[in-house]
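Below, each chain spelled out in residue letters.
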Amino acid sequence: MGRIAGRFARVETRRRAGRLVLGLLAELPRKNCWTIAEWAGEKTPHGMQHLLCRASWDADAVRDDVRDYVVEHLHNEDAVLVVDETGDVKKGVHTAGVQRQYTGTAERIENSQVAVYLVYASRCGHAAVDRELYIPRSWTNDPDRCRAAGIPEPAVFATKPDLARRMIERFLDAGHHAAWIAGDEVYGGNPTLRTSLEARGMSYVLAIACSAEVATGAGRIRADSLAKRLPKRAWQKLSAAAGAKGHRFYDWALIDLAEPGPGRHQMLIRRNRTTGQHAYYRCFSPEPVPLAELVRVAGSRWRVEETFQSGKGLAGLDEHQVRRYPSWARWATLAMLAHAFLASVRAEEHARRPAPDGLLPLSCNEIQRLFIALIVRPVHDAAHRLDWSDWRRRHQARARAGHYRRQETGGRVRPAPLSATV
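Residues numbered from 1 in each chain as written. Predicted model: local features only at pLDDT ≥ 70, side-chain atom pairs only at ≥ 80, totals over all residues. Heavy atoms only, no water.

Turning to the overall build of the chain, a few remarks are in order. Across its full length, the chain carries 15 helices and 12 strands. The C-alpha radius of gyration of the chain comes to 24 Å, within 12% of the 22 Å expected for a compact globule of 422 residues. Its C-alpha atoms put the chain at 75 × 60 × 40 Å along the principal axes. Expressed as a percentage of its 422 residues, the buried residues of the chain come to 49%. Total accessible area computed for the chain in this model is approximately 21100 Å², and 50% of it derives from carbon and sulfur atoms. (Helix = DSSP H or I, 4+ residues; strand = E, 2+ residues; numbered from the N terminus. Rg over C-alpha atoms; globule rule 2.2 N^0.38 Å. Buried < 20%, exposed > 50% of the residue type's maximum accessible area, 1.4 Å probe, protein only. Areas by Shrake-Rupley, 256 points an atom, 1.4 Å probe, with all protein chains shown as cover.)

Now the structure itself:
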């Protein structure tokens, strides 16, 4: 927290941000302004809501501090930048960027809000270093709606690959280095993103669809058709990465492509040894690299899923109850900071104090439990708990009375909100 202290105009705001970050790390059943404020010892949630909505501080500057902090503690020359999106299911139509769209969280089309994240993955650990909220065309075509949700002007539509390129360029322009870029089909199928990475000399392994056409000496051919022509000797058994239950072995094949321009263009194919299912990747590197290195990068893409899982489960990344864009950016940034703290402590513990025989190394989950139980140890007396019970019931009574008045007058009376819109 001392690292980001200069980003806050007032000491009260800085201290409250610290309490919010600790609350994000706490083992609360739900994490929002109400539960965190009560846990942190505050009398009402208004201060936490003010921090996310109206207080004077720069979330983008804190985001840059988080990026520098992650690279400093997890730095490795072979690090991979992994880009992916995640969605949060929402109700209503007023939350910034919300619409009916596919989200992998629900694995179906839902009313949801989608954000794209950039994750720094190295042998030391992994954590998110940047975030961008996806604003659909249904929003950018309605300036008044964007303005009401606090979306910065001008609200210009940007695809998810556009957002990925924006974050990668920010990372590189800040003077940081990563050996590779990895992503799924959404990003591998976008030629503009691939071209921009090649122009900067950035190596990548990006997934593509089976129907994607690639350039060969015999012309453009679908990826799945090209895979069927491979002889048995073209396949090699290699591990994508070590998992909780052992190495994840697949069969792999590599084909040189006839793409114009400098550098090495190849297509990597992964075959499941049990089902025979194929996955396809477009690869680029300024210099030739061995198959094992491409397989390592392809396997590292799953680090982003682990980051989402731990960021949501340990730091409340997906539990925000906010509507406006500035509040979302502030919550997401502080949640990224909380998770980055766990990842950096884990890396330091593994490097300096290896686990003795018979014990697994400390995980982020275990570090969170020990940190809250042994270091923070919030203790509140019965009077604090009872005061919060009275406050909640009084607030809920006003809200219910407002709903009844609206019903009696045919909807002409606006009910009292359940919580301040942030």
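So that's the structure; there's more coming.
This part is about helix α11 (residues 291-300). Counting buried positions over the 10 residues of α11 gives nine, a clear majority of the element. Buried residues of α11: L291, E293, L294, V295, R296, V297, A298, G299 and S300, and no others.

Moving on, we get to the confidence of the model for the chain. For the chain, per-residue confidence averages 92 on the pLDDT scale, and 97% of positions sit at 70 or higher. Scored below 50 in pLDDT, residues 415-421 shows 16 contacts in the model against residues more than four places distant or in partner chains. (pLDDT = per-residue confidence, 0-100. Contact = heavy atoms within 4.5 Å.)

To continue, consider helix α7 (residues 160-173). With 14 residues, α7 extends 20 Å between its outermost C-alpha atoms, agreeing within 8% with the 20 Å of an ideal straight helix rising 1.5 Å per residue. What α7 keeps buried is the set K160, P161, L163, A164, M167, I168, F171 and L172. Downstream of α7 by a residue or two, G175 has a phi angle that is positive, lying close to 95°. (Expected span 1.5 Å × (residues − 1).)

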